[in-house]
Amino acid sequence: MISFKNCLRWTAVAALFLHPGCQETTPEAAFEKCIDAEKRYNAVSEKMEQARKDGSLTAQLETSLTKESDAMFEEAKAVFAGFFGKYINTPYGQKMFKESRWVRRLSMPQMEAVIGKVTDETFKNTDEYRNAADRVKYMKASAIGNPYINIVSCDTTGNAVELSQFVGHGKYVLLDFWAAWCPDCRKEMPQIVDIYNQFKDKNFEIVSYSLDRKEDAWKKGINDLNMSWIQMSDLDYWTSKGALFYAVQWIPTTILLSPEGKILERGLSPDKLKEKLKELL
C-alpha cells in the first residue's frame, strides 16, 4: 500500500514530466513562435495602412503606431534569431533559414551569432550559409565611419557606370536603394525629388541603385517619379551586387557619403536627410 507521503512524491514527479515546459520542443513547434511574432508585427502595419486609407491617421496616431511597429519589428527579429540560433543544425531549421525573409532582416550581431553556431559541414557548403557569411562581412564593411564600397553597374542606356565616378570628388552623395515595384519607395520619392532640387547646386548629388528585375518597369518608374539624377541597376532584384555590398535589408534604404567617401549615415528618412543636409551644407 502506497503511503500518503509517497503518493505526493509520485504525483510531483509525474507533474514535472507532464508539464509542457519540460517536454522537448520540436523545431516545427518552436517556429510557431516566429509566426506569431511576425503576425503581431504585420498587424500593426495593417492597422496603420487601414487608418491611412480611411483618413483617420493623425500625426499623433502615426507616431504611436510607428513606435509600436518598430518595437514589434525588433521583437520579431529577436524571436527569429533565437530560433535559428537553436535549430540551425537541424533540417527544419535550415529549411526555414533558406525560405524566411526574416533572415535578411537580422542585425549584424544576430546574423553573426547564428552562423557562428553552424556545425553542420554540409550546410556550410550551401549558398545560403555562404550568403549569410558574406552578409555579415559586408554589414561590417558598410557600417557608419567606414570608406564607401565601389559599385560597378549599368545606367539606363546600358553603359557601364561606377559609384566612384561621383563619390570622393568633393560632394556629399546620397546612395539611394529603391525599386519601381516598391510602394514605400514610390511614396517617399517625391520628398527625395524636392530635396534634390533644393540641394543639387549646393555640393550634393544622388545616385540611385535599383533592385528592379525588368528594364522597362525600372525606366518607367524613373520617368513617373521625375528622378533626374544618376541611375544604376543590375536588374538582379535582391541578388544585385550593390544590395550585397551595402548589406541592404529593405528598401528604400539611403546611405549618405561624405565628400571624402566615408559612410556618414544609413537609413535616413527624407525628413532626417533634409535636416542633415541643412546642417552640413
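Residues numbered from 1 in each chain as written. Predicted model: local features only at pLDDT ≥ 70, side-chain atom pairs only at ≥ 80, totals over all residues. Heavy atoms only, no water.

> Explain the pattern of salt bridges here, please?
Close approach of charged atoms lets side chains of opposite charge pair. A complete count under the given rule lists 16 salt bridges for this structure. Salt-bridge contacts for Glu-74 lead to Lys-77; the nearest nitrogen and oxygen are separated by 3.4 Å. A residue pair is termed a helical-turn pair when its members lie 3 or 4 positions apart in one helix, as Glu-74 and Lys-77 do in helix H3 (residues 59–87) at three residues. On the accessibility criterion, Glu-74 (42% relative accessible area) is partly exposed. In this structure, Arg-186 engages Asp-224 in a salt bridge whose closest nitrogen and oxygen atoms are separated by 3.8 Å. Pair noted here: Arg-186 is in helix H9 (residues 183–199) and Asp-224 is in helix H10 (residues 215–224), with a separation of 38 residues, a long-range link. Asp-224 gets classed as partly exposed once you look at its relative accessible area, which sits at 39%. A single salt-bridge network, built from bridges that share partners, covers Glu-49, Arg-52 and Glu-62. (Salt bridge = Lys/Arg side-chain N within 4 Å of Asp/Glu carboxyl O. Helix = DSSP H or I, 4+ residues; strand = E, 2+ residues; numbered from the N terminus. Buried < 20%, exposed > 50% of the residue type's maximum accessible area, 1.4 Å probe, protein only.)

> It is not clear to me how the packing of helix H6 (residues 108–115) against helix H8 (residues 127–141) should be interpreted in this structure. Could you clarify?
Packed helices, taken two at a time, are described by their axes: the angle between them and the distance between them. Between H6 and H8, the least distance of the axes is 10 Å, while the angle of their chain directions is 145°. The handedness of the crossing between H6 and H8 is left-handed. Across the interface between the two elements, Met-108, Met-111, Glu-112 and Ile-115 from H6 touch Tyr-129, Ala-132, Ala-133, Arg-135, Val-136, Met-139 and Lys-140 from H8. (Axes fitted to C-alpha atoms, helices over the stretch in contact; angles between N-to-C directions. Left-handed = near helix turned anticlockwise from the far one by under 90°. Contact = heavy atoms within 4.5 Å.)

> Which parts of the structure should I look at to understand unusual backbone geometry?
Among all residues except glycine, the phi angle is most often negative; among peptide bonds, the trans geometry is most common. Note the cis peptide between Ile-251 and Pro-252, where omega equals 5°. Considering the arrangement of structural elements, one finds Pro-252 in the loop between helix H11 (241–245) and strand E6 (253–257). Although it is not a glycine, Asn-203 adopts a positive phi angle of roughly 70°. For Asn-203, the location among the structural elements is in the loop between H9 and strand E4 (204–210). Assessed through its relative accessible area of 35%, Asn-203 is described here as partly exposed. Its identity is not glycine, yet Ala-247 carries a phi of approximately 45°, on the positive side. You can see Ala-247 is positioned in the loop between H11 and E6.

> What's the story with the nonpolar core in this structure? I'm lost.
Proteins that are soluble and globular tend to have nonpolar side chains buried together. Grouped together as the largest cluster of nonpolar side chains are 47 residues, with contacts concentrated most on Ile-151, Leu-175, Phe-177, Trp-178, Phe-204, Tyr-246 and Ile-251. If you tally residues by element for this core, the top one is H9, at seven residues. The contacts of Ile-251, once residues within four sequence positions are left out, are Phe-177, Trp-178, Ala-179, Trp-181, Cys-182, Cys-185, Leu-211 and Trp-238. If you look at the next biggest cluster of nonpolar residues, it comprises 32 residues, including Leu-65, Phe-83, Val-118 and Val-136. (Core = buried A, V, L, I, M, F, W, Y, C linked by side-chain atoms within 4.5 Å.)

> Explain helix H12 (residues 270–280) here, please?
An α-helical turn contains 3.6 residues, so any two residues separated by three or four positions project in the same direction. Here H12 has its buried residues at Pro-270, Leu-273, Lys-276 and Leu-277. Looking straight down H12, one finds its buried side chains confined to an arc of 120°; they lie on one side. In H12, those exposed residues whose orientation departs by more than 90 degrees from the buried face are Asp-271, Glu-275, Lys-278 and Glu-279. Among the structural elements, strand E3 (172–178), H9, E4, E6 and strand E7 (263–266) are those in contact with the buried residues of H12. (Arc of directions from axis to C-beta.)

> It is not clear to me how the pairing of E6 should be interpreted in this structure. Could you clarify?
Counting buried residues along E6, five of its five residues qualify, which places the element largely inside the surrounding structure. Residues Thr-253, Ile-255 and Leu-257 of E6 are buried on one face, and the alternating residues Thr-254 and Leu-256, pointing to the opposite face, are buried as well. In this structure, E3 lies alongside E6, joined through five bridges in antiparallel fashion. Bridge pairing links Leu-174 to Leu-256 in E6. By the bridge criterion, three bridges tie E6 to E7 in an arrangement that is antiparallel. Residue Ile-255 lies in a different strand from E7, and its bridge partner there is Arg-266. Joining the antiparallel neighbours E6 and E7 is a turn of five residues, in which Gly-261 adopts a positive phi near 95°. (Pairing = 2+ DSSP bridges.)

> Explain the confidence of the model for the protein to me, please; I cannot follow it from the model alone.
Where the model shows low pLDDT, its predicted coordinates should not be examined in detail. Of all residues in the protein, 91% have pLDDT values of 70 or greater, and the mean over the chain is 91. Considering only residues more than four positions removed or in separate chains, one finds that residues 1–22, a stretch of pLDDT under 50, has four contacts. (pLDDT = per-residue confidence, 0-100.)

> In this structure, what is going on with the environment of Leu-106? I would like to understand it.
Inspection of the secondary structure assignment puts Leu-106 in the loop between helix H5 (102–105) and H6. Linking Leu-106 and Lys-220, residues 114 residues apart in sequence, is a C-alpha distance of 32 Å. With residues up to four places along the chain from it excluded, the contact list for Leu-106 reads Lys-77, Phe-80, Ala-81, Phe-84, Met-111, Val-114, Met-139 and Gln-249.

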